[in-house]
Amino acid sequence: MTWSSRTKKPRRLTSQRMILGAILGALVFVGSAPTARAGYDHTFEAGSLIIPMDLAYQDHGLFQSYGLIFQLLRQGVVVYWVIDPNKTWHHSDCDTAGEECAWDCAEEGSGVKCPYPTASPDFTVGAEVVWDDSGVMNAGEVIVSHGYRGGPFVIAPVDRTAALAIIEAWNDPALWGANPWAERTVFEVVTIHEATAAFDGYVRKEMIAAPTIAVFSDGNEDIATGYLRAAGIPQSDGSEFPAGKCGDDDCGPGTVNPDMLTVESIMGDMGTCETPNMDHRNGSLFTPDGLPAYCQIMSMHWDVNDRETVQCDGGNCPATQAECAGETFTYHGHEVVAEVRQFLMYPTHFFAECQAVNAYENTVPNPNWPYLDDADRRGHFLTTQGDPPNCPCTDGDYECVTDGCDGGTRDCCLPSNDKELGAGFMIAPQPNSAELKIYFPEIPYNQMDGFFATVGGSEPAYNLATYIDATYINNMDVTFISGPDGPGEQDLWMTGFMDGVCNIGNDDVNPGQCTFGKVSYLGGHRYSTDVPISNNSDSQGTRLFLNALFEADCVTSVGQPVMQLFWAGVERVLVQEVPAAETFTAMFANQGQGVALDAVLFAAVPTGSEASGFEAGGDLAGSEVTWDVGAIGSSGGQPGDPSNTGSRWLSLRFSDFGEYTLEATMSYRVGVSSMETAPALLTVQVMLDTDGDKIPDEEDPFPNDAFACGDSDGDGCDDCSVAGTWDPSNDGPDADNDGLCDSGDNDNNNNGLGTADDGCGCRHGGPTGSLPVILLILGLWGWLVRRRR
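Residues numbered from 1 in each chain as written. Predicted model: local features only at pLDDT ≥ 70, side-chain atom pairs only at ≥ 80, totals over all residues. Heavy atoms only, no water.

**Student:** When you look at the overall build of the protein chain in this model, what are you seeing that I'm missing?
**Tutor:** Secondary structure assignment for the protein chain yields ten helices and 39 strands. For the protein chain, the residues scored as buried account for 56% of the 789 residues in total. When the accessible surface of the protein chain is split by element, carbon and sulfur atoms take 49% of a total near 29800 Å². (Helix = DSSP H or I, 4+ residues; strand = E, 2+ residues; numbered from the N terminus. Buried < 20%, exposed > 50% of the residue type's maximum accessible area, 1.4 Å probe, protein only. Areas by Shrake-Rupley, 256 points an atom, 1.4 Å probe, with all protein chains shown as cover.)

Structure follows, in structure tokens:
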């Protein structure tokens, strides 16, 4: 199935950017998307659709709720993630005697408490049942009042009709024939409620775009695909993720599983042994332009030994670089880490589970053969690299390594387990599920309802390597679930911005200020996908994985492109005869954090005119010219990115006098969502100017005399144009008798070539359009962009 549709660090606002903002603020642009919004109170009207995410009403369909949200976003429905910023987590079962929750489990006021832990409600409202995942409640059945928990999703009434059509197809297999996008192997009905009254909620995230998701084929990729299949989330081409592991040639770009990425595809062209290619943005995580090709990548259990593998010409590399002359690098684990680090320079997301956490996080560049690493082949996305102490070692997890530190000049204590070298993170034992500590229940990543059960594996949890003074970078709070002595000990679920550039807990306060990607780590090898969740608490880890997919900024309004499109050109074409020609320029700019891919610019040729020429690369079909623009960079892009601005010119030949309307639109892709700007319009009047004095005959007192346009104040000088406006009070005398007003002949040199202008009578009218101003602005704009980069 193929889908198609036309439709770092935070920076202070520099003086150049403030200047640019002031200038651009004086123009009216046609935009495509709202500016970054997150973290605001909103009143949702009656008729809003609610996707419950607590187990009282969404126990069977919880995973498939995320697949439904994916399809709603793909088809243009905005989804609001509503989470109370002051919510609390009740650690014991809500019906525990003497420790009962203040809220009821299903119907508020019933006094019936949930037999499991929950967070406090995000909002409370009455509703009618539209769909019920358990099959117990009927459509139209009334819920008088319910405290919706677990981070419910809301759809505003403006999108109600469109959303209901998508929901119907998702929940009814009989409709799949007409809606093949809804077809999936794993099927559960998703509960939908409709609010019967208005209610207030805190919008933590506005979700705009359905994400593209890459799965690293690390040998355990079936864990990730199992989670995605449970949710019904497909690959970017609409096909299901495979149930099993990749074969020899069925995964990667150009195969039947284009989003299942191998080591070789992620690392890209590595060059030869004598001339290594150190471009860390040339693998399959990137477009040919060097922009992120995906919103997210998942790695479930990449073995540390595989990370440390380097191969040349398909086998072990020779002992020295000189002996390897003429061979190419065909496998390089450290380069995969480097490509992911560059991927996270954008508002993207990286998820790792089990041993993959240590494989990425503990990577330390090795400049020696055969690695030949530079500084960008570094993991440590969330943790600092520890400083090993001198021998002897006083911690049983460490051993003395002769010449192990400082370039072979110091004996030091290093982890005895190869999986922990470079820590960072040490491996912790599996936490007791009953003793877990839940932090930050108001963060989207940590939305859940019910008891959380841990699972085993080679890395069931993680300890910070405190013996060698490792910490979370900038001491950021990134731990969401830990054992009883955490954070820092038996940490199970962690998320933060790469390199600790921002506090993940404050990303709703100043949305859009943190331009780097986010990193999520989950301990445990494989979580269940069985439902109902209330009977399968070891499925809760799968929900955390799915939370992470939709929290990423590349899904929400914060990380979207904000496309602006406008016309530059004269609004009055003054000619002595028709047909007449004029050239116009459609200009575009992306003022958002996200990149726009596969952009196409459309310019409609007005009725009564014809395209007499257009910029190279355009294609004229009927009355429309199109240009394949391709990738458009973001306003805060990286060096070498495609520009976030551009233009295409179009020459029109007008057949007659009159009014013509130019229209331009731009389509582009974000994730698997097709976007389109609102039309940019320019109304152009083709007017008769018999004497060629740049004043239309209908406004010219002397339409047949280019050297006269009246002397309304009787001072002997033609009325003058000041800044394009006719103002006879400013024409002044003519002291040098050169026939030009002094206001335009400031040096009185008798030749009419003053320092300010060439005179301001009829022969020298002001500009009749916006082109000169816009060209000046765009010139300054380009200079500022270059200065900023």
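Once you've had a look at it, read on.
**Student:** How should the packing of aromatic side chains be read in this particular structure?
**Tutor:** Two measures describe an aromatic ring pair: the distance that separates the ring centres and the angle between the ring planes. Evaluated as defined, the whole model comprises 28 aromatic pairs. Taking the centre distance of 5.6 Å and the plane angle of 70° together, the rings of F44 and Y80 count as edge-to-face. One end of the pair, F44, is in strand β2 (residues 40-44); the other, Y80, is in strand β4 (residues 79-82), with 36 residues separating them in the sequence. The two residues F44 and Y80 agree in class, both being buried. Arranged with centres 6.2 Å apart and planes meeting at 80°, the rings of Y66 and F153 form a pair that is edge-to-face. Taken together, the positions of Y66 in helix α2 (residues 62-74) and F153 in strand β9 (residues 153-155) put the pair 87 residues apart, joining distant regions of the chain. Classification of F153 as buried rests on a relative accessible area of 1%. (Phe/Tyr/Trp six-rings, centres within 6.5 Å; stacked < 30°, edge-to-face > 60°.)

**Student:** How do you make sense of the sheet that holds β4 when you look at a structure like this?
**Tutor:** One key point about sheets: their strands pair by backbone hydrogen bonds, in either a parallel or an antiparallel sense. Spatially, eight strands are ordered β2-β11-β4-β9-β3-β10-β7-β8 in an open sheet, and the strand pairing comes out antiparallel. For this open sheet the edge positions go to β2 and β8 (142-148), each flanked by a neighbour on one side alone. Sheet twist, expressed as the average angle between the axes of neighbouring strands with direction ignored, equals 45°. The sheet contact formed by strand β7 (residues 123-131) and strand β10 (residues 192-195) spans four bridges and is antiparallel. Its bridge partner being in β10, V129 is matched across the sheet by H193. Most of the contacts of α2 go to strand β3 (residues 49-51), to which it runs at about 140°, and overall it touches β3, β4, β9, β10 and β11 (199-207). (Pairing = 2+ DSSP bridges. Axes fitted to C-alpha atoms, helices over the stretch in contact; angles between N-to-C directions. Contact = heavy atoms within 4.5 Å.)

**Student:** Would you mind showing me how to read the sheet that holds strand β15 (residues 310-312) here?
**Tutor:** Pairing is antiparallel in the open sheet, where three strands are placed in the order β16-β15-β17. This sheet does not close on itself; its edge strands, each paired only once, are β16 (315-316) and β17 (329-332).

**Student:** What exactly am I supposed to notice about the side chain of E361 here?
**Tutor:** Among the secondary structure elements, E361 is positioned in helix α8 (residues 355-361). An unpaired buried charge is present at E361: no salt bridge exists, and R341, the closest side chain of opposite charge, is 7.3 Å distant. Looking at E361, its side chain comes within polar contact range of the main-chain nitrogen of F381, at 3.1 Å. Here the side chain of E361 touches Y521 through a polar contact of 2.5 Å, side chain to side chain. Residues within four places of E361 in sequence aside, it is in contact with G379, H380, F381, L382, T383, F425 and Y521. (Lys, Arg positive; Asp, Glu negative; His and termini not counted. Salt bridge = Lys/Arg side-chain N within 4 Å of Asp/Glu carboxyl O. Polar contact = N/O pair within 3.5 Å; in protein donor to acceptor, adjacent residues only side chain to side chain.)

**Student:** Whenever I open this one, helix α9 (residues 540-551) confuses me. Can you help?
**Tutor:** Turn by turn, an α-helix covers 3.6 residues, leaving residues three or four places apart pointing in a common direction. Between its first and last C-alpha, α9 extends 17 Å over twelve residues, near the 16 Å set by a 1.5 Å rise per residue. Summarising burial for α9: twelve of the twelve residues are buried, a large majority. Taken together, the buried positions of α9 are Q540, G541, T542, R543, L544, F545, L546, N547, A548, L549, F550 and E551. (Expected span 1.5 Å × (residues − 1).)

**Student:** Looking at this structure, I do not really get the pairing of strand β29 (residues 580-590). What am I missing?
**Tutor:** Consecutive residues of a regular strand have side chains that alternate between opposite faces of the sheet. Counting buried residues along β29, eight of its eleven residues qualify, which places the element largely inside the surrounding structure. The pairing of strand β27 (residues 563-568) with β29 spans six bridges and is antiparallel. Residue pairing in the sheet places W567 in a bridge with A586 of β29. In this sheet, strand β34 (residues 645-654) lies alongside β29 in antiparallel orientation, the contact comprising ten bridges. Across the sheet, residue F588 finds its bridge partner in β34, namely G646.

**Student:** It is not clear to me how the state of the cysteines should be interpreted in this structure. Could you clarify?
**Tutor:** Put plainly, a disulfide is one covalent bond tying together the sulfur atoms of two cysteines. Counted according to the given criterion, the structure contains ten disulfides. Residue pairing for C105: its cysteine sulfur links by disulfide to C114, the two sulfurs lying 2.0 Å apart. Judged by the torsion about the S-S bond (95°), the C105/C114 disulfide is right-handed. Summarising the burial analysis for this pair, C105 and C114 share the class buried. A disulfide bridge connects C295 with C554, and the sulfur atoms are separated by 1.8 Å. Looking down the S-S bond of the C295 and C554 bridge, the torsion is 70°, so its handedness is right-handed. Here C295, found in the loop between α5 (263-267) and β14 (296-299), pairs with C554, found in the loop between α9 and β27; they are 259 residues apart in sequence, far enough to count as distant. Of the two residues, C295 and C554, both sit in the buried class. (Disulfide = S-S within 2.5 Å.)

**Student:** I'm lost on unusual backbone geometry in this one. Help?
**Tutor:** Peptide bonds are mostly trans, and most non-glycine residues show a negative phi. With an omega of 5°, the peptide bond between C391 and P392 qualifies as cis. Relative to the assigned elements, P392 resides in the loop between α8 and β19 (398-405). The omega torsion of the bond from V578 to P579 falls at 5°, within 30 degrees of zero and hence cis. Counting through the fold element by element, P579 comes out in the loop between β28 (572-575) and β29. Look at L372: it is not a glycine, yet its phi comes out positive at around 55°.

**Student:** Would you explain the pairing of strand β30 (residues 596-604) in this entry?
**Tutor:** Within β30, seven of the nine residues are buried, which leaves the element mostly enclosed by the surrounding structure. Both β30 and strand β33 (residues 624-632) contribute to a ladder of seven bridges, which runs antiparallel. Within β33, the position partnered with A604 by the bridge is E624. Taken together, the six bridges between β30 and strand β35 (residues 658-670) define a ladder with antiparallel strand orientation. Note on β35: the bridge partner recorded for V600 is S667.

**Student:** What exactly am I supposed to notice about the confidence of the model for the protein chain here?
**Tutor:** When pLDDT is averaged along the protein chain, the result is 88; 84% of the residues meet or exceed 70. This stretch, residues 1-29, has a pLDDT under 50; its non-local contacts, to residues over four places away or in other chains, come to 59 contacts. Ignoring residues within four places in sequence, the model shows residues 721-727, a span with pLDDT below 50, making 16 contacts including any to other chains. (pLDDT = per-residue confidence, 0-100.)

**Student:** Where do I start with the pattern of salt bridges in this structure?
**Tutor:** A side chain of one charge can pair with a side chain of the opposite charge when the charged atoms of the two come close. Enumeration over the complete set of coordinates arrives at 20 salt bridges. Of the charged contacts, one joins K87 and D122 as a salt bridge, the two residues approaching to 2.9 Å between their closest N and O atoms. Here K87 is found in the loop between β4 and β5 (89-90), whereas its partner D122 is found in the loop between β6 (118-119) and β7, with 35 residues between them in sequence. There is no split in this pair, since K87 and D122 are both buried. Of the charged contacts in the structure, one is a salt bridge between E308 and R307, with a shortest N-O distance of 2.9 Å. Salt bridges here are not isolated pairs; linked through shared partners, they connect K205, K518, E551 and D553.

**Student:** Looking at this model, I keep getting lost on the environment of Y227. Mind explaining?
**Tutor:** Structurally, Y227 is set in helix α4 (residues 221-231). C-alpha of Y227 to C-alpha of R543: the two residues are 316 residues apart in sequence and 8.6 Å apart in space. Not counting residues within four places of it along the chain, the set of residues in contact with Y227 comprises M300, E353, R526, Y527, T529, T542, F545 and L546. In this structure the side chain of Y227 is engaged in a polar contact, spanning 3.0 Å, whose partner is the side chain of E353.

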